[in-house]
Amino acid sequence: HGEDVSRRVAEALQADLLTTADLVREASRESGIHEVRMHKALAGPRSVFDRFTHEKDRSLAWFRVALARAVQRDGLVFRGLMGHLLPRNLTHVLRVGLNARRTYRAENAARNAGTSPLEEENKLAADDETIPRWAASLVGLGPWDKSLFDIFLPMDSTPVDEAVRLIVENSGSNALQIDDALRGALNDFLISAQVSLALAEEGKATDVDVSVVDREVTITINRYVIWIERLEKELTRIASTVDGIANVTTR
């Protein structure tokens, strides 16, 4: 019921509704990577040619920039697993997980599509194998780990009306109000995304993590490198092309 719940929450809050597909479309337009290829690169494993094309790193980097730009504004409902890319220090974000038993999801999907529950369950089984691998590569946890969410609702036992009411009610919490510190964190997220994109475009994003605090960029190299000083200089040079940074450090 994710589509229904997110649409009704957005209507109740008079907020814009954004999905993974919306951002893939935007990232595809700006990057020149075809939408289908970008979807495949985001969700699938690295191809044997990826060390030459760097399409997975580039797709993820372009998507992260699109997401970082979108969340610079308040009043947004985002639907999709790619919401896990939002940093945990964005504490004004209310993170909601909707889940249900596979049999329930299959019956619901079959009713909407006019197909058989068995056919839909086979499709869901494939998704349920792919999604945990994808989530683990991004956040190091399963996609439904409850530590990732502020609200976690079992939709096979929660009416849609009740789910919408709970989300809308909790979205008004004082703990979710944005302040100057959070605006700084939002800007840091955008800078981090732009630095990662600059690295990806030059084929330097694999096994590299980028973090930004108060516009101070730290690039962590997560692999053994023979000519480490040469790589550090190259990463610093690339990162320094991004506007708005105060300093670049590698480690």
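Cut-offs and rules
- The numbering scheme is per chain: residues are counted from 1 as the chain's sequence reads.
- Side-chain atom pairs in this predicted model are given and counted only at pLDDT of 80 or more, local residue features only at pLDDT of at least 70, and totals for whole chains, interfaces and linings cover all residues.
- Side-chain metrics rest on all non-hydrogen atoms present in the structure, leaving aside hydrogens and water.
- The helix count covers DSSP runs of H or I at least four residues long, the strand count covers runs of E at least two residues long, and both are numbered beginning at the N terminus.
- Accessible area is worked out with a 1.4 Å probe on protein chains only. A residue is then buried under 20% of its type maximum, exposed over 50%, and partly exposed in between.
- Any pair of residues with heavy atoms lying within 4.5 Å of one another is described as a contacting pair.
- Each accessible area value is a Shrake-Rupley result obtained with a 1.4 Å probe; residue values ignore everything except the protein chains displayed when judging cover.
- His residues and chain termini do not enter the charge count, which takes Lys and Arg as positive and Asp and Glu as negative.
- Think of each charge as sitting on NZ of Lys, CZ of Arg, CG of Asp or CD of Glu.
- At least two bridges found by DSSP between two strands are what make those strands a pair.
- In this scheme, a helix's expected span is set at 1.5 Å multiplied by one less than its residue total.
- Note on aromatic contacts: the rings of Phe and Tyr and the six-membered ring of Trp form a pair at centre separations within 6.5 Å, being stacked when their planes are under 30 degrees apart, edge-to-face when over 60 apart, and tilted otherwise.
- Here, a salt bridge means any Lys or Arg side-chain nitrogen found within 4 Å of an Asp or Glu carboxyl oxygen.
- Two N or O atoms form a polar contact when they lie within 3.5 Å of each other; inside protein one atom must be a possible hydrogen donor and the other a possible acceptor, and for residues adjacent in sequence the pair counts only when both atoms belong to side chains.
- Under this scheme, a helix contributes an axis fitted over its contacting stretch, all axes are lines through C-alpha atoms, and angles between N-to-C directions fall in the 0 to 180 degree range.

Looking only at helices and strands, the protein has 10 helices and 7 strands in total. Over its C-alpha atoms, taken along the principal directions, the protein stretches across nearly 60 × 45 × 30 Å. When burial is assessed residue by residue, the protein has 39% of its 251 residues classed as buried. Across the protein, contacts joining residues at least 24 apart in sequence account for 63% of those joining residues at least 6 apart. Approximately 14100 Å² of the protein is accessible, and the part contributed by carbon and sulfur atoms is 50%. Taken as two groups, the 32 positive and 38 negative side-chain charges of the protein have centres that lie 4 Å from each other.

Turning next to the pairing of strand β4 (residues 151–154). Residues I151 and L153 of β4 are buried on one face, while the alternating residues F152 and P154, pointing to the opposite face, are not. For strand β3 (residues 96–99) and β4, the ladder comprises 4 bridges, and the chain directions are parallel. Looking at β4, one finds that L98 is bridged to L153.

A few words now on the environment of A43. Relative to the helices and strands, A43 is located in helix α3 (residues 35–43). Residue classification places A43 among the partly exposed positions, given a relative accessible area of 43%. The sequence separation of A43 and D209 amounts to 166 residues, and the corresponding C-alpha distance is 19 Å. In contact with A43, not counting residues within four places along its chain, are T130 and W134.

Every α-helical turn comprises 3.6 residues, leaving residues that sit three or four positions apart pointing alike. With 12 residues, helix α1 (residues 2–13) extends 16 Å between its outermost C-alpha atoms, agreeing within 8% with the 16 Å of an ideal straight helix rising 1.5 Å per residue. Taken together, the buried residues of α1 touch β1 (16–19), β2 (76–79), β3 and α8 (160–171).

Geometry of an aromatic ring pair is reported as the spacing of the ring centres plus the angle between the planes. In the structure shown here, the tally under the stated rule is 1 aromatic pair. Between F149 and F152 the ring centres are 5.5 Å apart and the planes differ by 50 degrees, which places this aromatic pair in the tilted class. Look at F149 and you get buried, because its relative accessible area is 13%.

Before going further, it helps to examine the pattern of salt bridges. When the charged atoms of two side chains lie near each other, side chains of opposite charge can form a pair. Overall, the coordinates contain 14 salt bridges when judged by the stated rule. Of the charged contacts, one joins D156 and R101 as a salt bridge, the two residues approaching to 3.0 Å between their closest N and O atoms. Placement of the pair is D156 in the loop between β4 and α8 and R101 in the loop between β3 and α6 (102–113), with a sequence separation of 55 residues. Using a relative accessible area of 25% as the deciding quantity, one classes D156 as partly exposed. What makes R101 partly exposed here is its relative accessible area of 49%. Shared partners join several salt bridges into a network, and the residues in it are D4, R7 and E11.

A word on the side chain of T158. Along the polypeptide, T158 turns up in the loop between β4 and α8. In this structure the side chain of T158 is engaged in a polar contact, spanning 2.8 Å, whose partner is the backbone oxygen of P154.

This paragraph deals with the sheet that holds strand β6 (residues 216–221). Strands sit in the order β5-β6-β7 across an open sheet of 3 strands; the sheet is mixed. Two strands lie at the open edges of the sheet, namely β5 (208–213) and β7 (247–250), each paired on one side alone. Direction aside, the axes of adjacent strands within the sheet are offset by 20 degrees on average. Looking at chain direction, β5 and β6 are connected through 6 bridges and run antiparallel. Among the inter-strand pairings, D209 is bridged to a residue of β6, identified as T220.

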